[in-house]
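Examining the three-dimensional arrangement
The lines below spell out each chain.
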There are 2 protein chains.
Amino acid sequence: MKFGLFGGATAETSPSQSSTEDSTARWQEKSDRSELPKSEDSHGYAQFVDAIVLAEALGYHSIFLVEHHFTGVGQVSASLNLLTYLAARTKTIRLGTGVIVVPWHNPVLLAEQAATVDVLSQGRLDFGVGKGYRPGEFEGFCIPIEEAGERFDDAMALIRQSLSSETRFSYHSERWNFEDIVVEPPSVQKPHPPLWQAAGRPESLKAAAEGGYSLLLDQFATFEVTLERFRIYRDAVEASGRAFDPMNVAVARGMAIIRNEEEREIAVNKRMASLNNMNQLAKSADSSYVSSMQSDPDLRKAAEQGTLIGTPEEIIERVRQLRNGGVEYILLAGAQTSPQTLRDFAGEIMPAFA
Amino acid sequence: MKFGLFGGATAETSPSQSSTEDSTARWQEKSDRSELPKSEDSHGYAQFVDAIVLAEALGYHSIFLVEHHFTGVGQVSASLNLLTYLAARTKTIRLGTGVIVVPWHNPVLLAEQAATVDVLSQGRLDFGVGKGYRPGEFEGFCIPIEEAGERFDDAMALIRQSLSSETRFSYHSERWNFEDIVVEPPSVQKPHPPLWQAAGRPESLKAAAEGGYSLLLDQFATFEVTLERFRIYRDAVEASGRAFDPMNVAVARGMAIIRNEEEREIAVNKRMASLNNMNQLAKSADSSYVSSMQSDPDLRKAAEQGTLIGTPEEIIERVRQLRNGGVEYILLAGAQTSPQTLRDFAGEIMPAFA
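For the structure given in this document, a descriptive report is provided here. Each chain has its residues counted from 1, running along the sequence as written. To label them, take the chains in the order written and letter them from A, then take the ligands in the order written and number them from 1. For a predicted model such as this one, the threshold for reporting local features is a pLDDT of at least 70, and the threshold for listing and counting side-chain atom pairs is 80 or more; totals across whole chains, interfaces and linings nevertheless cover every residue. Based on all heavy atoms of the structure, the side-chain values leave hydrogens and waters out of the count.

Attention now moves to the pattern of salt bridges. Residue and element names in this part refer to chain A. Whenever a carboxyl oxygen of Asp or Glu lies within 4 Å of a side-chain nitrogen of Lys or Arg, that contact is scored as a salt bridge. Counting across every chain of the model gives 28 salt bridges over all chains. The shortest N-O distance in the salt bridge between Lys-301 and Asp-296 comes to 3.3 Å. The partly exposed category is assigned to Lys-301, whose relative accessible area is 30%. Here the residues in one salt-bridge network are Glu-147, Glu-150, Arg-151 and Arg-175, joined through shared partners. Under the scheme applied here, a residue whose accessible area is under 20% of the maximum for its type counts as buried, over 50% as exposed, and between as partly exposed, the area being computed with a 1.4 Å probe on protein chains only.

Our next topic: the interface of chain B and chain A. Any pair of residues with heavy atoms lying within 4.5 Å of one another is described as a contacting pair. Counting residues at the interface gives 61 residues for chain B and 61 residues for chain A. With both chains or domains summed, chain B and chain A bury close to 5000 Å², and 57% of this area falls on carbon and sulfur atoms. Counting across the chain B and chain A interface gives zero salt bridges. Polar contacts, as used here, are pairs of N or O atoms within 3.5 Å; protein pairs need one atom able to donate a hydrogen and one able to accept it. Residues neighboring in sequence count only if both atoms are side-chain atoms. Our enumeration of links across chain B and chain A arrives at 16 residue pairs in polar contact (both at pLDDT 80 or more). Its residues assigned to classes, the side of chain B that touches chain A comprises 28 nonpolar, 21 polar and 12 charged. By convention, the term buried area covers the 1.4 Å-probe accessible surface removed from two parts as they join, with the contributions of both added. Polar here means any residue other than Ala, Val, Leu, Ile, Met, Phe, Trp, Tyr, Cys and Pro, which are nonpolar, and Asp, Glu, Lys and Arg, which are charged; Gly is therefore polar.

The next point concerns the packing of helix H5 (residues 107-120) of chain B against helix H7 (residues 148-164) of chain B. Residues and elements named next belong to chain B. Direction vectors running N to C along H5 and H7 enclose 45°, while the axes themselves pass 9 Å from each other. As summarised for this structure, H5 and H7 are arranged oblique, according to the angle between their axes. H5 and H7 meet at a crossing whose hand is right-handed. Contact residues: Pro-107, Val-108, Leu-110, Ala-111 and Ala-115 in H5; Ala-155, Leu-158, Ile-159, Ser-162 and Leu-163 in H7. For the contact of H5 with H7, the per-class residue count stands at nine nonpolar, one polar and no charged. For helices, the fitted line uses only the C-alpha atoms of the stretch in contact; every axis is such a line through C-alpha atoms, and the angle between N-to-C directions lies from 0 to 180 degrees. Counting from the N terminus, the helices are the DSSP runs of H or I reaching at least four residues and the strands are the DSSP runs of E reaching at least two. Note on terminology: angles under 35 degrees are roughly parallel, angles over 145 are roughly antiparallel, angles of 65 to 115 are roughly perpendicular, and the others are oblique. Handedness of each helix crossing follows the sense of rotation of the near helix against the far helix: counterclockwise by less than a right angle gives left-handed, clockwise gives right-handed.

Turning our eyes to something else, we now look at the relation of the copies chain B and chain A. Least-squares fitting of chain B to chain A yields an RMSD of 0.0 Å, with the superposition described by an axial translation of 0.0 Å and a rotation of 180°. In symmetry terms, the pair is related by a two-fold rotation axis. A shared binding surface is used by both copies, with 100% of the interface residues of chain B retained as interface residues in chain A. Superposing the copies works by least squares over the C-alpha atoms of residues that have pLDDT at least 70 in both of them.

Glancing now at the nonpolar core. The criterion is simple. A nonpolar core is a set of buried Ala, Val, Leu, Ile, Met, Phe, Trp, Tyr and Cys residues joined through side-chain atoms within 4.5 Å. By size, the foremost hydrophobic cluster in this structure holds 200 residues, and its most contacted members are A:Tyr60, A:Phe127, A:Phe345, B:Tyr60, B:Phe127 and B:Phe345. Other than its neighbours up to four places away in sequence, B:Tyr60 contacts B:Phe3, B:Gly4, B:Leu5, B:Ala55, B:Ile93, B:Leu332, B:Thr341, B:Leu342, B:Phe345, B:Ala346 and B:Met350.

Bringing the environment of B:Asn177 into the picture now. Within the element layout of this structure, B:Asn177 appears in strand E7 (residues 177-181). The sequence separation of B:Asn177 and B:Leu158 amounts to 19 residues, and the corresponding C-alpha distance is 9.7 Å. What B:Asn177 contacts, discounting residues up to four positions off in sequence, is A:Gly140, A:Phe141, A:Cys142, B:Tyr171 and B:His172. Of the polar contacts made by the side chain of B:Asn177, one reaches the side chain of B:His172; its length is 2.6 Å.

What counts as a ring pair is set by centres within 6.5 Å for rings of Phe, Tyr and Trp (its six-membered ring), and what kind of pair is set by the plane angle: stacked under 30 degrees, edge-to-face over 60, tilted for all other angles. Counted under the stated rule, the structure contains 22 aromatic pairs over all chains. Between A:Phe70 and A:Phe141 the ring centres are 4.9 Å apart and the planes differ by 50°, which places this aromatic pair in the tilted class. Remark: A:Phe141 occurs in helix H6 (residues 135-141) and A:Phe70 occurs in the loop between strand E2 (62-65) and helix H4 (79-89); sequence separation between them is 71 residues. The same class applies to A:Phe70 as to A:Phe141, namely buried. Ring geometry for A:Tyr233 and A:Phe244: centres 6.3 Å apart, planes at 70°, overall edge-to-face. Here A:Tyr233, found in helix H9 (residues 223-239), pairs with A:Phe244, found in the loop between H9 and strand E10 (249-257); they are 11 residues apart in sequence, far enough to count as distant. When sorted by exposure, A:Tyr233 lands in the same class as A:Phe244, which is buried. These aromatic residues form a ring-pair network of at least three members: A:Phe70, A:Trp104, A:Phe138, A:Phe141 and B:Phe178.

All names here are of chain A. A helix is expected to span 1.5 Å multiplied by its residue count minus one. A rise of 1.5 Å per residue sets the reference length of H9, with its 17 residues, at 24 Å; its end C-alpha atoms lie 24 Å apart and thus fit the reference within 8%. Turning to H9, the residues buried within the fold contact helix H8 (202-210), strand E9 (214-217), E10, helix H11 (299-305), strand E11 (308-310) and helix H12 (312-324). Residue Gly-241 follows H9 closely and has a positive phi angle near 90°.

Residue and element names in this part refer to chain A. Burial analysis of strand E12 (residues 329-333) places five of its five residues in the buried class, the great majority of the element. Strand pairing follows a simple DSSP-based rule, namely that at least 2 bridges must link the two strands. Both strand E1 (residues 2-7) and E12 contribute to a ladder of five bridges, which runs parallel. Bridging from a neighbouring strand, Gly-4 pairs with Leu-331 of E12. As defined by bridge partners, E10 adjoins E12 across four bridges and the pair is classed as parallel. Looking at the pairing, Arg-253 lines up with Leu-332 of E12.

Attention shifts here to the pairing of strand E3 (residues 94-97) of chain B. All names here are of chain B. A two-sided burial pattern is seen for E3, the buried positions comprising Arg-94 and Gly-96 on one face and Leu-95 and Thr-97 on the other. Pairing analysis gives four bridges linking strand E2 (residues 62-65) to E3, with the strands arranged parallel. Counted as the bridge partner of Ser-62 is Arg-94 from E3. Crossover handedness is defined here as right-handed if the route from the first strand over the helix to the second strand goes clockwise, with the strands pointing away from the viewer. Following the chain from E2 across helix H4 (residues 79-89) to the adjacent parallel E3, one finds a crossover that is right-handed. Looking at chain direction, E3 and strand E5 (residues 125-130) are connected through two bridges and run parallel. Across the sheet, Gly-96 pairs through a bridge with Asp-126, a residue of E5.

A:Val99 follows A:Gly98 through a cis peptide bond whose omega is 5°. By the secondary structure assignment, A:Val99 is in the loop between strand E3 (94-97) and strand E4 (100-101). Even without being glycine, A:Ser287 reaches a positive phi, approximately 60°. As for its position among the elements, A:Ser287 is in the loop between helix H10 (261-281) and H11. In this structure, B:Asp180 takes a positive phi of about 55° despite not being glycine. Along the chain, B:Asp180 falls in strand E7. Residue class for B:Asp180 comes out partly exposed when judged on its relative accessible area of 24%.

Residues and elements named next belong to chain A. Relative to the helices and strands, Arg-124 is located in the loop between helix H5 (107-120) and strand E5 (125-130). Salt bridges are absent for the buried Arg-124, whose nearest opposite-charge side chain, Glu-56, sits at 4.2 Å. A polar side-chain atom of Arg-124 sits 2.8 Å from a polar atom in the side chain of Thr-90. Within the structure, Arg-124 has its side chain in polar contact with the backbone oxygen of Ile-93 (distance 3.0 Å). With sequence-adjacent residues up to four places away left out, Arg-124 is seen in contact with Glu-56, Ala-87, Thr-90, Lys-91, Thr-92, Ile-93, Arg-94, Leu-95, Asp-118 and Gln-189. When charges are counted, neither His nor the chain ends are considered; positive counts come from Lys and Arg and negative counts from Asp and Glu.

Treat this as a map of the structure, not an account of what it does.
In structure tokens:
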């Protein structure tokens, strides 16, 4: 059993936030977005780096760093740059993108950046990619979210060729044109850094398996739904004639260690509020677009049944439930914002799975 | 007097190369570019990082890192990522791009990356930008080099607004559309990291001064031409009503310390070959496009009169010539490829200007 981290950093983390991923929701609560000042400090980045250095020492396997834009809370936008910095400050922890939203990037420049991180980290990049799911961000980029899928497919074809071609090649599509190029530096991991994709719907899970992607399972779904998705992906991998490696599936989970019932209620309520915020960000203002990156509409059910919130003993039991379903790799969402949480989980829960 | 470094790194540096910038030319010497294999090792990056750590300890002021693509020798493509890595490995040295070729990048993503490097380096980014000058690279990107100027102007307007706006804004042009965005993280340097531009022609020098850019003067021109460009820029800064700071002009120079006449002839011949290569890269195959990033066609004159090639005493005298013309900041092109050269220059030439 391996445990990694999932989430982001902001320029204004505060101890009251269990997950900075959640904090992106805050700007949408304001009535007039244009009135929001830019955050002025950068302490969040330094705290984040320190937390990942600590996490490596405590035995965490990975950090998957989110990419978001235009949130107004100073959240990580240039995730491959922050991972590059971490590459210099760490030695063994895997460095993942969770995920890069490919439709917003130039595929060749992105491949070059990813390969550079892989070189500088000596082969530690887990290259998580996705098509994006937040309408507010697509509106900022002036890219129709309806085009996300086709843009993703086009860009990934080019990215795969960029990362794996040993010789010069040309690529021409409706949106991208490159002539007689070779993409450098060559990555350390061959043929390229592992590609990870988040998926939830059955057809998406099967496509991820058939495309050779490792799988990120989101932090929103209940255990039951998550384990069903795990099975669909595993079966699809095996149906394609490859051996299934459980380390190719990472399950993200909200987590809070509680010591008494009062703390439990606080943690569950906080989780409900954060799920509500994240649900809002994953649909358009008029609800004409709703992403699958959503929790169950019953927020209490989602907060209680979809997370690792509990006493250490309860968390160990919940991790065992996942393991009994085949899961060997869990990403703790937002745990990096609290060094104490990192230490407690490593000291009280990880030894049960050593 | 301050001394910095200018150049790049490749995945296959060898002791015989005085400047890795020069090495980009090699792929064009081959008759069939498509036959070139990708470089397989990444030692050049590690050597480069070690050299910059050493340079910081020796008192060098900065590194300006070039960006190139599709060269086939593994040269740095994702320069802001390598600078991010250096940000973690260094404490005081200025981290510059020399330059980012803006027409190839998404301006908002680029601004986010630059701001992230500025945050992670605690305000050490010198953001050098340019419109590009190598036809082969524009052909790879399938962008007409004739559009470089207008694309640069458009992108820089958006980048400046992205880096300095304290509130949300929208930007719409022929090529770029962003709606109600705020670009984060906020940079540490205010209102944004210093912008540097390479220029040579009188109208370009004046435009750089009027646009508030610091100035990179290329390594190709003779001392006479370089000092004339220096004066044009200085006069234009003062004509715009601002005080002129000589640290806002960095003069790049090829440099080699020689101990006898045999070494001088070797160094001059090597420089002539590298100038010839770089001149080829800066024009199109049919010479219909020729960049100003060219040496004098008399290569021996350019190699002897445009460089700091000589004994330590001769180099000190040549640096004094530049200083007498007002220059206070010199970038040594390619010196980072030889730790011994870094040490010798720091030990034998820098003390004369301490």
